[in-house]
Amino acid sequence: VTQESRPVRTAAIIAVGSELLTPFRSDTNSLAITGRLNEIGIEVASKQIVGDDPRDLATAVTAALERADLVVVTGGLGPTSDDVTRPTIARMLDLPLEENGEVLERIRQRFAGRGLAMPEINRGQAMVPRGATALANANGTAPGLWIKVEHRRVLLLPGPPREMQPMLDVVVREYLAPSSGNMRLYRRVIKIAGRAESYVETLAQPVYSRWLAADPRISTSILAAPGQIELHLGIRSDSADRARMSLERAIGQLKAVLGLDIFTDDGQSLEEVVGGLLRARGWRIAVAESCTGGLTSSRLTDVPGSSDYVDRAAVTYSNRAKVEWLGVPEDLIRDHGAVSEEVAGAMAIGVREGAGVEVGIGISGIAGPGGGTEAKPVGTVVIAVAWDGGQRVQAFRFAGGRAQVKFQSSQAALDMVRRWLLEQPQSAGRRA
Ligand code: ATP
């Protein structure tokens, strides 16, 4: 049976490693593998995690072979006795293990490159099941293995992600893509800030329920987190142009119902979007943060090139800092409290004027778990955006723990800036 005889449509993934069954390590390889396989139109039908136990692995492989055209096993290829993958698979498939001179030489050279002799224990990694293709490991000693079993394929990849990834790329490019036809998965990621999942679902559901009947079908998944909703649109097609057109039309339909709530239709982060809008106008921003402790400016500066538009940020946690650094009037804090529209506004104005830039942000709130009152419970956050000649202030009540309140606050602040920027004429030019 040749490689070309039957295209691979479905895959099963098995992650091997007892450490993956503890709370300290998670199986990220299967996510990376799924992503790469999806791109060439292969769907992952199941995945499993098993410990370093030959019987558990054999059971998992047997089930996977019944279910899928391709079985990918990651991990357990090392030289130690708890690395069970190679011998177990060879035994299951009834393939004798034979020493492969080329692989042995590659392992020897890897050690020699560091001035070391190869430990005898590594010799086992040169044992290749008869008929299997050994895959070179650019970042380690364990070779991967590509095995054909009648019309199915079994792929063994090392566990360490930096060894697994480049090998996976080679296999996808050289073994899987050529026989996959032109079928590919095309994706677009839409993101929405500051709306509840139920709100987005109510508006979007009627739109994407229509797509289920469309040909080709557009699949959607909704990923919700506090402060951000993502809609992942996918389409399997043998034509890139047609897929792109269908996705573009679908996104147009979502925009018609969700409007400006959508901050990106191509997977950008909110800080990237805000950065792009500032850059387009040649404007700069300064941030004054209290309860977010610098998170907003940290996110803004996560974007490469942000020095073009981020001028400065102040973490003014205490009242004294707000007075000394931002010039917030003391009586404003006394009369209204630090978490108030008046103080957040004065923070935004103070940091903007101090910096002499076009846009200022002020954030003041109660991240919890302590510090809440009846009038201002935990999660109360006031955010202001200030510009030359005006300001906009909004009070929020966020749910969740401290980290979630902080994230939602930075998200709301960036989204307020985004919405304000979108209202400004493109050609407004510098205004400080
Ligand atoms: P080697 O022994 O040559 O390093 P291996 O194939 O035997 O490779 P393992 O011993 O199973 O790999 O795992 C080595 C390390 O790789 C683990 O400690 C873990 O940190 C990481 N790893 C293994 N499997 C996964 C996985 N599925 N996802 C993410 N990381 C993994």
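Scroll up to find the structure.
Residues numbered from 1 in each chain as written. Predicted model: local features only at pLDDT ≥ 70, side-chain atom pairs only at ≥ 80, totals over all residues. Heavy atoms only, no water.

Novice: Can you help me understand the sheet that holds strand β13 (residues 285–289) in this one?
Specialist: Backbone-to-backbone hydrogen bonds pair the strands of a sheet. The strands run either parallel or antiparallel. With mixed pairing, the 5 strands of this open sheet are ordered in space as β14-β13-β15-β16-β17. Of all strands in the sheet, those with a lone pairing partner are β14 (310–315) and β17 (390–397), marking the two edges. Neighbour to neighbour, the strand axes of the sheet diverge by 10° on average, direction disregarded. With 8 bridges connecting them, strand β16 (residues 380–387) and β17 associate as antiparallel partners. Following the sheet pairing, Trp387 is matched in β17 by Gly390. Against the sheet, helix α13 (residues 402–423) engages β13, β15 (359–365), β16 and β17, with an angle of about 30° to β16. (Pairing = 2+ DSSP bridges. Helix = DSSP H or I, 4+ residues; strand = E, 2+ residues; numbered from the N terminus. Axes fitted to C-alpha atoms, helices over the stretch in contact; angles between N-to-C directions. Contact = heavy atoms within 4.5 Å.)

Novice: I'm lost on the packing of aromatic side chains in this one. Help?
Specialist: Describing an aromatic ring pair means giving the distance of the ring centres and the angle of the ring planes. All chains considered together, the criterion is met by 5 aromatic pairs. Each ring, one from Tyr208 and one from Trp211, has its centre 6.1 Å from the other, and the planes form 45°; the classification is tilted. Of this pair, Tyr208 and Trp211 both sit in helix α6 (residues 197–212), 3 residues apart, roughly one helical turn. Assessed through its relative accessible area of 5%, Trp211 is described here as buried. Note on Phe396 and Phe398: the rings are 5.2 Å apart at their centroids and 15° apart in plane angle, and the pair reads as stacked. No difference in accessibility class separates Phe396 from Phe398, as the two residues are buried. Site record: aromatic cluster; members linked through ring pairs are Trp283, Trp387 and Trp420. One residue, Arg195, lies across the ring of Tyr199, its end atom 4.4 Å from the ring centre. (Phe/Tyr/Trp six-rings, centres within 6.5 Å; stacked < 30°, edge-to-face > 60°. Buried < 20%, exposed > 50% of the residue type's maximum accessible area, 1.4 Å probe, protein only. Lys NZ or Arg CZ within 6 Å of the ring centre and 35° of its normal.)

Novice: Which parts of the structure should I look at to understand the environment of Leu145?
Specialist: Structurally, the position occupied by Leu145 is in strand β7 (residues 144–149). Linking Leu145 and Arg86, residues 59 residues apart in sequence, is a C-alpha distance of 8.7 Å. When sequence neighbours within four positions are dropped, the list of residues in contact with Leu145 reads Arg86, Val128, Pro129, Thr133, Ala134, Leu135, Val154, Leu155 and Leu156.

Novice: Looking at this structure, I do not really get the site of the ligand. What am I missing?
Specialist: Around the ligand, the surrounding shell holds 19 residues, and the nearest of these are Asp27, Gly76, Leu77, Gly78 and Gly159. A distance of 3.1 Å is found between a nitrogen atom of the ligand and a backbone nitrogen or oxygen belonging to Asn29. One of the backbone N or O atoms of Pro160 is found 3.3 Å from an oxygen atom in the ligand. When the free accessible area of the ligand is taken as 610 Å², the share hidden by the protein chains comes to 78%. (Near = heavy atom within 4 Å. Polar contact = N/O pair within 3.5 Å; in protein donor to acceptor, adjacent residues only side chain to side chain. Areas by Shrake-Rupley, 256 points an atom, 1.4 Å probe, with all protein chains shown as cover.)

Novice: What is the right way to look at the sheet that holds strand β6 (residues 133–135) in this model?
Specialist: What the 6 strands build is an open sheet, ordered β2-β1-β3-β8-β7-β6; its pairing is mixed. The open sheet is flanked by β2 (43–50) and β6, the only strands paired with a single partner. The average undirected angle you get between the axes of adjacent strands in this sheet is 15°. The pairing of strand β1 (residues 10–16) with β2 spans 7 bridges and is parallel. Bridging across to β2, Ile14 finds its partner in Gln48. Its contacts with the sheet place helix α1 (residues 29–39) against β1, β2, β3 (70–74) and β8 (152–157), and it is angled at close to 165° to β2. Along the sheet, helix α2 (residues 54–67) contacts β1, β2, β3 and β8; its crossing angle with β1, the most-contacted strand, is approximately 170°.

Novice: What exactly am I supposed to notice about the pattern of salt bridges here?
Specialist: Two side chains bearing opposite charge may form a pair once their charged atoms approach each other closely. Going through the model one piece at a time under the given rule, you end up with 23 salt bridges. The salt bridge partner of Glu105 is Arg108, with a shortest N-O separation of 4.0 Å. With Glu105 and Arg108 both in helix α4 (residues 101–112), this residue pair falls 3 residues apart, about one helical turn. In this structure Glu105 comes out as partly exposed when scored by relative accessible area, which is 37%. Sharing partners across several salt bridges, the network here consists of Arg195, Asp261, Asp415, Arg418 and Arg419. (Salt bridge = Lys/Arg side-chain N within 4 Å of Asp/Glu carboxyl O.)

Novice: Any chance you could explain a negative patch on the surface here in plain terms?
Specialist: Residues Glu330, Asp331, Asp335, Glu341 and Glu342 make up a contiguous surface patch of negative charge. Only α11 (330–336) and α12 (341–355) provide two or more residues apiece to the negative patch. Taking relative accessible area as the criterion, Glu342 reaches 35% and is therefore assigned partly exposed. (Patch = residues over 30% accessible without salt bridge, like charges linked within 9 Å, V, L, I, M, F, W, Y side chains within 5 Å. Lys, Arg positive; Asp, Glu negative; His and termini not counted. Charge placed at Lys NZ, Arg CZ, Asp CG, Glu CD.)

Novice: Looking at this structure, I do not really get the nonpolar core. What am I missing?
Specialist: One recurring pattern in soluble globular proteins is that nonpolar side chains are buried together. Membership of the largest hydrophobic core comes to 33 residues, with the highest contact counts inside it found for Val274, Leu278, Ile285, Ile361, Ile383 and Leu421. At the level of elements, α8 (270–281), β13, β15, β16 and α13 are the ones that each hand at least two residues to this core. Top element by residues in this core is α13. It accounts for 8 residues. Here Leu278 is in contact with Trp283, Ile285, Tyr309, Val359 and Leu421, once residues within four sequence places are set aside. Judged by nonpolar contacts, the second largest core, of 29 residues, contains Val16, Leu104, Met118 and Ala126. (Core = buried A, V, L, I, M, F, W, Y, C linked by side-chain atoms within 4.5 Å.)

Purely geometric stuff here, so don't read any function into it on its own.
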